[in-house]
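Structural features, examined
So the chains spell out like this:
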Amino acid sequence: MGSMLVSFVTDFFTYETTKSVVVKSWSVGIINRIVQLLIITYFVGWVFIHEKAYQVTDTGIESSVMTKVKGFGYQNNRVMDVADYVLPPQGSGVFCIMTKLIITENQFQGKCAETGRRFSCETNDNCTEHIGSILSNGVITGVCLKSSTDSKGMCEIEGWCPAENDNVKVTPMLNVSKFTIFIKNSIRFPLFNITRGNFPSTMTSEEIKKCTYHPETNPFCPIFNVGDVLNYTGQSVENLADKGGEIGINIEWKCNLDLDIEYCVPKYSFTRLDEPFAKNAVSKGYNFRFAKYFKTANGTDFRTLHKAYAIRFDVMVTGNAGKFDTIPTLITLVAAFTSVGLGAVLCDLILLNFLKGADQYKAKKFEEVSEAQIEASIAPSPGSPLSLKGGIKSSYDSGAMSLTTSDQQL
């Protein structure tokens, strides 16, 4: 029992190494080195330098955006200021600049004729087909209102009267191109407790009032000209003022905290968000309705309805920050060293399947052992070439042969 335990401990604390076969072939050798070079280049160039896999990254950016619009324009023979054309007025990251207004004044609750062409009628039966419609300006009553017996009429609605007529021609407010947008953005990367703002803290109020954003000459100015923003997206005020549209302003923060914190600066990009619908026949542009409510002297409610066509601006903030850390560096290095071995796998496939002498290579690389040989090694006959010398031990872990010091020549 003791000898078995000693034998087990001896066999356990042994080291086994793989058998290497050196193949002197120019073609295979060149392929091997090229594959290794490509793998090393990929890890050094893309993984380490471009993707910065040696860093720990914080993608949970916390952001706050405040906006202000300034400018004056003309609409319906009125001078429009910020309080007239910007909604919502709080100055959030999503706001609208109205370019066209269709106003229906003095609406009272009651019954009146519809204005949409789809609700034209000759008899009441034509109107009962529309009962329950959500496309009307009010609840369809099923009555056809006609000025005379022979003329066509319009279906009657119950709701706010007179009904809105959005087919009227209104000249858009083209002065929008001269308006300016002030964007104030502060961000924080909680993992590193780093906070930044989208314009330098040393910038004075006089400098801000005089500057205008330009991607090359003035990339850190927080004042954006609306006409320039639209031009960056390939659009113009003339294209968007009539039907409206949606514009995205993206503030991207990519910060390498291994460098000086002053290099952590924003980069702006602009896009038209509703581009997929720009050429649609329906649901084109951007519009919404709102109303202002009043009371008469006797307490009756009435309102002024506005249908606004607007350019909607969405200020979006994205980004991440990275800093050197030992753990991701070690993980990436291990992956790189392991991947270099793929060159040997590819070369083995070529040698074993495509080159001349593949059989000879297989014979050198793989050693086949039959059951007869195993039985002969266990119970050898005198003088048998399959018998093992005394002192040679068989490893049951991998089938490799281990030699004792007594088998080595002095």
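What you are looking at is a predicted structure, and each value in this text was computed from that prediction instead of being measured.

As a further point, take the overall build of the chain. Secondary structure summary: the chain contains 11 helices and 18 strands in total. Looking at the chain residue by residue over its 410 residues, the buried ones come to 33%. Considering only residue pairs separated by 6 or more positions, the chain has 67% of its internal contacts joining residues 24 or more positions apart. Of the accessible surface of the chain, which amounts to about 26600 Å², a share of 57% is contributed by carbon and sulfur atoms.

Taking 1.5 Å of rise per residue, the 25 residues of helix H2 (residues 26-50) would be expected to cover 36 Å, and the 34 Å separating its terminal C-alpha atoms lies within 8% of that figure. Considered for burial, the residues of H2 that qualify are Val28, Asn32, Val35, Gln36, Ile39, Phe43, Val47 and Phe48. Looking at the buried residues of H2, the elements they touch are helix H8 (326-340) and helix H9 (342-353). Looking one or two residues beyond H2, the residue adopting positive phi is Lys52, at roughly 50 degrees.

Now for the pattern of salt bridges. For the structure shown, the criterion picks out 10 salt bridges. The partner of Asp274 in a salt bridge is Arg272, with the nearest N and O atoms 2.7 Å apart. Both residues of the pair, Asp274 and Arg272, count as buried. Between Asp314 and Arg312 there is a salt bridge, with the nearest N and O atoms lying 2.9 Å from each other. Given the relative accessible area of 23%, Arg312 is considered partly exposed. A network of salt bridges, in which partner residues are shared, links Glu164, Asp166, Arg289 and Lys307.

A few words on the state of the cysteines. The tally for this structure, following the rule as stated, stands at 5 disulfides. The disulfide that involves Cys127 links it to Cys155, with 2.2 Å between the sulfurs. Every disulfide takes its handedness from the sign of the S-S torsion; for Cys127 and Cys155 that torsion is -95 degrees, giving left-handed. One end of the pair, Cys127, is in helix H4 (residues 124-128); the other, Cys155, is in strand E9 (residues 153-161), with 28 residues separating them in the sequence. In this pair, the class of Cys127 matches that of Cys155, namely buried. A sulfur-sulfur separation of 2.0 Å characterises the disulfide bridge that pairs Cys211 with Cys221. When the S-S torsion is 75 degrees, as for the bridge of Cys211 with Cys221, the disulfide is right-handed. Separated by 10 residues along the polypeptide, Cys211 in the loop between helix H5 (205-210) and strand E12 (223-225) and Cys221 in the loop between H5 and E12 bring together distant segments of the chain. Its relative accessible area of 0% is what places Cys221 among the buried residues. By sequence order of its bonded cysteines, the chain has the disulfide arrangement 1-6, 2-4, 3-5, 7-8, 9-10.

Here Leu87 and Pro88 are connected by a cis peptide whose omega angle stands at -10 degrees. Counting through the fold element by element, Pro88 comes out in the loop between strand E5 (86-87) and strand E6 (94-113). The amide bond that connects Cys161 to the next residue, Pro162, takes the cis arrangement and shows omega of 0 degrees. Within the fold, Pro162 resides in the loop between E9 and strand E10 (180-189).

This next bit is on the side chain of Arg196. With respect to the helices, strands and loops of the structure, Arg196 is situated in strand E11 (residues 194-197). Within the structure, the side chain of Arg196 is placed 3.1 Å from the backbone oxygen of Cys264, a separation counted as a polar contact. What Arg196 contacts, discounting residues up to four positions off in sequence, is Asn185, Ser186, Ile187, Trp253, Ile261, Glu262 and Cys264.

For the second largest pocket, the calculated volume is near 820 Å³. If you go around the second largest pocket, you meet 29 residues; those closest to its centre are Asp166, Asn167, Arg289, Lys307 and Tyr309. Contributing elements (two or more residues each) for the lining of the second largest pocket: E6, strand E15 (287-295) and strand E16 (301-324). Class assignment for the residues of the lining of the second largest pocket results in 9 nonpolar, 8 polar and 12 charged.

Here is what the cut-offs are and how they apply
- Residues numbered from 1 in each chain as written.
- Predicted model: local features only at pLDDT ≥ 70, side-chain atom pairs only at ≥ 80, totals over all residues.
- Heavy atoms only, no water.
- Helix = DSSP H or I, 4+ residues; strand = E, 2+ residues; numbered from the N terminus.
- Buried < 20%, exposed > 50% of the residue type's maximum accessible area, 1.4 Å probe, protein only.
- Contact = heavy atoms within 4.5 Å.
- Areas by Shrake-Rupley, 256 points an atom, 1.4 Å probe, with all protein chains shown as cover.
- Expected span 1.5 Å × (residues − 1).
- Salt bridge = Lys/Arg side-chain N within 4 Å of Asp/Glu carboxyl O.
- Disulfide = S-S within 2.5 Å.
- Polar contact = N/O pair within 3.5 Å; in protein donor to acceptor, adjacent residues only side chain to side chain.
- 1 Å grid on protein atoms, 1.4 Å probe; cavity = no way out; pocket = protein on both sides within 12 Å on 5 of 7 lines; lining within 4 Å.
- Points joined across faces, edges and corners; volume = space filled by probe spheres on them.
- Nonpolar A, V, L, I, M, F, W, Y, C, P; charged D, E, K, R; others polar.

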